[in-house]
Amino acid sequence: MPATDQHLSIPVGDTAVSADYARPDHPAGPVPTVVVAHGAGAGMEHPFLRGFTAALNELGLATLRFNFPYREAGRKFPDRPPLAIATWRAVMAAAAEQATAHGDTGPVWACGKSFGGRMASMAVAEGMPAAGLIYLGYPLHPPGKPEKMRDEHLYGLATPMLFLQGSRDTFATAHLLEDVVARIGPTAVLQWVDGGDHSFAVAGAKRPADQVGASLAAPVADFIRSSG
């Protein structure tokens with residue numbers, strides 16, 4: 001169903017970040033909201049994220065995608081966790097305000113590509129409210145360095161979590177990620193994208209980035225709806 005973007009400026013400390021909120025036109029009732037963060041190397045206008053959020057809107061979910069402060073300022077190096085977590089808190093609060101303003105009583109989920117998803121999980125670990133977490137390629141370790149795991153905070157999370165991961169993703173050795181998800185317990189689900197790399201591109205099946213992002217919307221929407 002069609003949706004119209006609404007541009008927002010969200011205060012974060014002494015700065016502000018850009019965000020785009022979109023809600024399906026004439027939904028059948030209150031809808032869930034998915035807040036979407038970009039990865040370390042691209043901002044919220046990347047075609048992958050635009051395709052992903054547009055497809056979620058078509059499936060009847062509201063979305064709010066945003067920039068971290070470093071992208072807003074044109075810097076390349078990602079924000080340190082304290083600032084990234086503060087940004088997540090501010091943006092989730094803004095998403096909740098938008099949901100209330102539109103009469104939506106559905107859940108507000110936190111979703112992120114790579115760095116953005118990891119920072120969301122750290123924010124939830126520090127007490128940020130979220131109905132659940134969606135990871136679009138969780139960066140479990142740097143490529144080629146499986147000994148440098150980024151998993152300790154995940155085991156204390158009680159919210160539903162969906163790990164969508166390319167089977168060729170060098171940021172997550174398969175057996176290590178499978179072990180992490182198993183240790184988290186039944187609240188966590190791992191879904192492999194066969195042949196996908198860290199950007200979910202599949203060798204021999206070249207597609208524009210917006211189509212790649214859009215292809216991930218259905219499993220995300222299904223997981224959110226199945227989680228209640």
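Our subject is the structure listed above.
Below, the structure is looked at part by part.

Conventions used here
Residues numbered from 1 in each chain as written. Predicted model: local features only at pLDDT ≥ 70, side-chain atom pairs only at ≥ 80, totals over all residues. Heavy atoms only, no water. Helix = DSSP H or I, 4+ residues; strand = E, 2+ residues; numbered from the N terminus. Rg over C-alpha atoms; globule rule 2.2 N^0.38 Å. Contact = heavy atoms within 4.5 Å. 1 Å grid on protein atoms, 1.4 Å probe; cavity = no way out; pocket = protein on both sides within 12 Å on 5 of 7 lines; lining within 4 Å. Points joined across faces, edges and corners; volume = space filled by probe spheres on them. Nonpolar A, V, L, I, M, F, W, Y, C, P; charged D, E, K, R; others polar. Salt bridge = Lys/Arg side-chain N within 4 Å of Asp/Glu carboxyl O. Buried < 20%, exposed > 50% of the residue type's maximum accessible area, 1.4 Å probe, protein only. Polar contact = N/O pair within 3.5 Å; in protein donor to acceptor, adjacent residues only side chain to side chain. Right-handed = clockwise from strand over helix to strand, strands pointing away. Pairing = 2+ DSSP bridges. Axes fitted to C-alpha atoms, helices over the stretch in contact; angles between N-to-C directions. Parallel < 35°, antiparallel > 145°, perpendicular 65-115°, else oblique. Left-handed = near helix turned anticlockwise from the far one by under 90°. Core = buried A, V, L, I, M, F, W, Y, C linked by side-chain atoms within 4.5 Å. Arc of directions from axis to C-beta.

**Quick look at the overall build of the chain**
Here's step 1: Counting secondary structure elements, the chain contains seven helices and eight strands.
Here's step 2: The C-alpha atoms of the chain give a radius of gyration of 16 Å, which matches the 17 Å a tight globule of 228 residues would have.
Here's step 3: Viewed in the frame of its principal axes, the chain has a C-alpha envelope of about 45 × 40 × 35 Å.
Here's step 4: Contacts spanning at least 24 positions in sequence make up 70% of the contacts within the chain whose residues lie at least 6 apart.

**Details of the layout of surface pockets**
Here's step 1: As a volume, the largest pocket reaches approximately 520 Å³.
Here's step 2: Surrounding the largest pocket, 27 residues form its lining, Gly39, Ala40, Gly41, Ser114 and Phe115 being those nearest its centre.
Here's step 3: Top contributing element to the lining of the largest pocket by residue count: helix 4 (residues 115–125), with three residues.
Here's step 4: Per-class residue counts for the lining of the largest pocket are 14 nonpolar, eight polar and five charged.

**Let's talk about the pattern of salt bridges**
Here's step 1: In the structure shown here, the tally under the stated rule is five salt bridges.
Here's step 2: For the salt bridge of Asp104 with Arg23, the shortest nitrogen-to-oxygen distance reads 2.7 Å. Remark: Arg23 occurs in strand 2 (residues 15–24) and Asp104 occurs in the loop between helix 3 (81–101) and strand 5 (108–113); sequence separation between them is 81 residues.
Here's step 3: Under the relative-accessibility criterion, Arg23 is labelled buried at 17%.
Here's step 4: Put simply, Arg50 and Glu45 hold a salt bridge, and the shortest N to O gap is 2.3 Å.
Here's step 5: Arg50 gets classed as partly exposed once you look at its relative accessible area, which sits at 37%.
Here's step 6: Look at the salt bridges and you will find they share partners, linking Asp20, Glu45, Arg50 and Arg65 into a network.

**Digging into the side chain of Thr87**
Here's step 1: On the secondary structure map, Thr87 appears in helix 3.
Here's step 2: Since its relative accessible area comes to 0%, Thr87 is described here as buried.
Here's step 3: Of the polar contacts made by the side chain of Thr87, one reaches the backbone oxygen of Leu83; its length is 2.8 Å.
Here's step 4: Those residues in contact with Thr87 that lie beyond four places of it in its chain are Val12, Val17, Phe66, Asn67, Phe68 and Pro69.

**A closer look at the pairing of strand 3 (residues 33–37)**
Here's step 1: Taken across its five residues, strand 3 has five buried, putting it largely inside the fold.
Here's step 2: Covered by surrounding structure in strand 3 are Thr33, Val35 and Ala37 together with Val34 and Val36, the residues of both alternating faces.
Here's step 3: Following the chain from strand 3 across helix 1 (residues 47–58) to the adjacent parallel strand 4 (residues 62–66), one finds a crossover that is right-handed.
Here's step 4: As paired strands, strand 3 and strand 5 are joined by five bridges and run parallel to one another. From the neighbouring strand, Val36 faces strand 5, where its bridge partner is Cys111.

**Re the packing of helix 1 against helix 7 (residues 217–226)**
Here's step 1: Taken N-terminus to C-terminus, the directions of helix 1 and helix 7 make an angle of 50°; their axes are 9 Å apart at the nearest point. The angle between helix 1 and helix 7 places the two elements in the oblique class. As helix 1 runs across helix 7, the sense of the crossing is right-handed. Along its contact with helix 1, which presents Phe52, Ala55 and Leu56, the element helix 7 presents Ala217, Val220 and Ala221.

**Some remarks on the nonpolar core**
Here's step 1: The biggest cluster of nonpolar side chains holds 46 residues, and the ones touching the most others in it are Ile10, Val35, Leu64, Phe66, Phe68, Trp88 and Phe163.
Here's step 2: Here this core takes eight residues from helix 3, the largest share from any one element.
Here's step 3: Listed in part, the 23 residues of the second largest apolar core include Leu56, Trp109, Val212 and Ala221.

**Overview of helix 5 (residues 174–184)**
An α-helical turn contains 3.6 residues, so a residue and the one three or four places further along point in the same direction.
Here's step 1: Listing the buried residues of helix 5 in full gives Leu177, Val180, Val181 and Ile184. The arc that holds the buried residues of helix 5, viewed along the axis, is 95°, so those residues lie on one side. The outward face of helix 5, more than 90 degrees from its buried face, is lined by the exposed residues His175, Ala182 and Arg183.
Here's step 2: Turning to helix 5, the residues buried within the fold contact strand 7 (161–166) and strand 8 (188–193).
Here's step 3: Once helix 5 finishes, Gly185 follows within two positions and takes phi at roughly 110°, a positive value.

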